[in-house]
Amino acid sequence: SQKIEQNSEALNIQEGKTATLTCNYTNYSPAYLQWYRQDPGRGPVFLLLIRENEKEKRKERLKVTFDTTLKQSLFHITASQPADSATYLCALDSGGSYIPTFGRGTSLIVHP
Amino acid sequence: EAQVTQNPRYLITVTGKKLTVTCSQNMNHEYMSWYRQDPGLGLRQIYYSMNVEVTDKGDVPEGYKVSRKEKRNFPLILESPSPNQTSLYFCASSPMGTRGRLGAFFGQGTRLTVV
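Residues numbered from 1 in each chain as written. Chains lettered and ligands numbered in written order. Predicted model: local features only at pLDDT ≥ 70, side-chain atom pairs only at ≥ 80, totals over all residues. Heavy atoms only, no water.

(A) Examining the side chain of B:Gln37 more closely. When you line up the elements, B:Gln37 lands in strand 4 (residues 31–38). Note on B:Gln37: relative accessible area 16%, which makes it buried. A distance of 2.9 Å separates a polar atom in the side chain of B:Gln37 from a polar atom in the side chain of A:Gln38. What B:Gln37 contacts, discounting residues up to four positions off in sequence, is A:Gln38, B:Gly42, B:Leu43, B:Ser87, B:Leu88 and B:Phe90. (Helix = DSSP H or I, 4+ residues; strand = E, 2+ residues; numbered from the N terminus. Buried < 20%, exposed > 50% of the residue type's maximum accessible area, 1.4 Å probe, protein only. Polar contact = N/O pair within 3.5 Å; in protein donor to acceptor, adjacent residues only side chain to side chain. Contact = heavy atoms within 4.5 Å.)

(B) The sheet that holds strand 1 (residues 4–7) of chain B, seen in detail. Residue and element names in this part refer to chain B. On the basis of which strands lie adjacent, the open sheet formed by 4 strands has the order 1-3-8-7 and antiparallel pairing. Every other strand in the sheet has two partners, leaving strand 1 and strand 7 (65–66) as the edge strands with one partner each. Sheet topology places strand 7 next to strand 8 (residues 76–78); 2 bridges connect them, and they run antiparallel. Among the inter-strand pairings, Lys 65 is bridged to a residue of strand 8, identified as Ile 77. (Pairing = 2+ DSSP bridges.)

(C) Spotlight on the nonpolar core. By size, the foremost hydrophobic cluster in this structure holds 23 residues, and its most contacted members are A:Leu33, A:Trp35, A:Phe75, A:Tyr88 and A:Leu92. Looking at this core, the elements that each hand over two or more residues are strand 3 (19–26), strand 4 (32–38), strand 5 (45–51), strand 7 (62–67), strand 8 (72–77), strand 9 (86–93) and strand 11 (106–111) of chain A. If we ignore the near neighbours within four places in the chain, the residues touching A:Leu92 are A:Ile4, A:Cys23, A:Tyr25, A:Tyr28, A:Pro30, A:Tyr32, A:Leu33, A:Pro100 and A:Thr101. Membership of the second largest hydrophobic core comes to 19 residues, among which are B:Leu19, B:Cys23, B:Phe74 and B:Leu78. (Core = buried A, V, L, I, M, F, W, Y, C linked by side-chain atoms within 4.5 Å.)

(D) Spatial organisation of the packing of aromatic side chains. In the structure shown here, the tally under the stated rule is 11 aromatic pairs over all chains. Relative to B:Phe106, the ring of A:Tyr36 has its centre 6.0 Å away and its plane inclined at 85°; by these criteria the two rings are edge-to-face. On the criterion of chain membership, the pair formed by A:Tyr36 in strand 4 and B:Phe106 in strand 10 (residues 105–106) is interchain, its members lying in two chains. Given a relative accessible area of 0%, A:Tyr36 falls into the buried group. A centroid spacing of 5.7 Å and a plane angle of 75° characterise the contact between A:Phe102 and B:Phe106, whose relative ring orientation is edge-to-face. Taken as a pair, A:Phe102 in strand 10 (residues 101–102) and B:Phe106 in strand 10 lie in two separate chains rather than in one. For A:Phe102, a relative accessible area of 7% corresponds to the buried category. (Phe/Tyr/Trp six-rings, centres within 6.5 Å; stacked < 30°, edge-to-face > 60°.)

(E) Here's a closer look at the state of the cysteines. Applying the stated criterion across every chain yields a total of 2 disulfides over all chains. Residue A:Cys23 pairs covalently with A:Cys90 via a disulfide, S to S 1.9 Å. Linking A:Cys23 and A:Cys90, the disulfide has an S-S dihedral of approximately 50° and is accordingly described as right-handed. One end of the pair, A:Cys23, is in strand 3; the other, A:Cys90, is in strand 9, and 67 residues separate them in sequence. Here A:Cys23 and A:Cys90 have matching classes, each one buried. What pairs with B:Cys23 in a disulfide is B:Cys91, and their sulfur atoms sit 1.9 Å apart. The chirality of the disulfide connecting B:Cys23 with B:Cys91 is left-handed, given an S-S dihedral of about -75°. Here B:Cys23 is found in strand 3 (residues 19–25), whereas its partner B:Cys91 is found in strand 9 (residues 87–94), with 68 residues between them in sequence. (Disulfide = S-S within 2.5 Å.)

(F) Spatial organisation of the interface of chain B and chain A. Tallying the contact residues gives 26 residues for chain B and 20 residues for chain A. Run the count over chain B and chain A and you get 0 salt bridges. Counting across the interface, chain B meets chain A through 4 residue pairs in polar contact (both at pLDDT 80 or more). Of all the secondary-structure elements, those providing two or more residues to the side of chain B that touches chain A are strand 4, strand 5 (42–51) and strand 9 of chain B. A breakdown of the residues in the side of chain B that touches chain A according to their chemical character gives 12 nonpolar, 11 polar and 3 charged. (Salt bridge = Lys/Arg side-chain N within 4 Å of Asp/Glu carboxyl O. Nonpolar A, V, L, I, M, F, W, Y, C, P; charged D, E, K, R; others polar.)

Shape descriptors only; they carry no functional weight alone.
Here you go:
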C-alpha cells in the first residue's frame, strides 16, 4: 500500500541552526511533492512544491530536495528562528486529483 | 481576501443526530476536499471533488457524505454521527491548471465532538 513517512519524533534545534526534515514514501510515483506548515489547531499552509523532474527548489530560507530514486524529500530551514516552530507536513500527489495525500508531519521546535 | 470558510468552528453533538459542516471557497477552485486530523494519524482524506457534481471517496469515507452542487460549496454531512467521528476536520481547495504549484488552501478547521 502507499505510505508516506515522516519522523514522528520532534526535532529540537537551536536558533540559527539549519533544520532538516525528512519525508520518505513507498509505492508512489508522485508527480510532485509539497511541503506545508501547520500551527496547533489551524489548517496547513502551503510552503513549497517540487516536481518529479526537479532536484532542488529554494524559497527564501527554505530549501527542498527530491530524490525519486531514494523516494525521499528533504526540507531544510536555514538560520532557523523560534517562529519557525510548527509541524511540517509533506504531501504527495500522483498528478491525478491535485488533492494531495499527507504524511503525519514532524514537529520542529526551535529554541532561543 | 482569498479564503476557505468552514462553519461551525466548534460543534458538540450527540450520537445519531445528523449534522452538516459547511465549506465555501471564494477562489473559483475546481478541486475541493475534506480531511480529518487525529493525533498520531495525521491528515486523512475523507472525500474529494474534482468539479461540480463530481465526487469521490478518499481514504476514510465511511460514515460521511458530501455533495457538490455549486463550485464554491462542498458540505460534509454526517447522517448518524458516532463518537469515533470526534475529530478536527479541514476543508481544502486547490485550482486546476496550476499543477499543484499553488498548493491546497485550507479552512480554519472544525472541531467536532460526538458524545
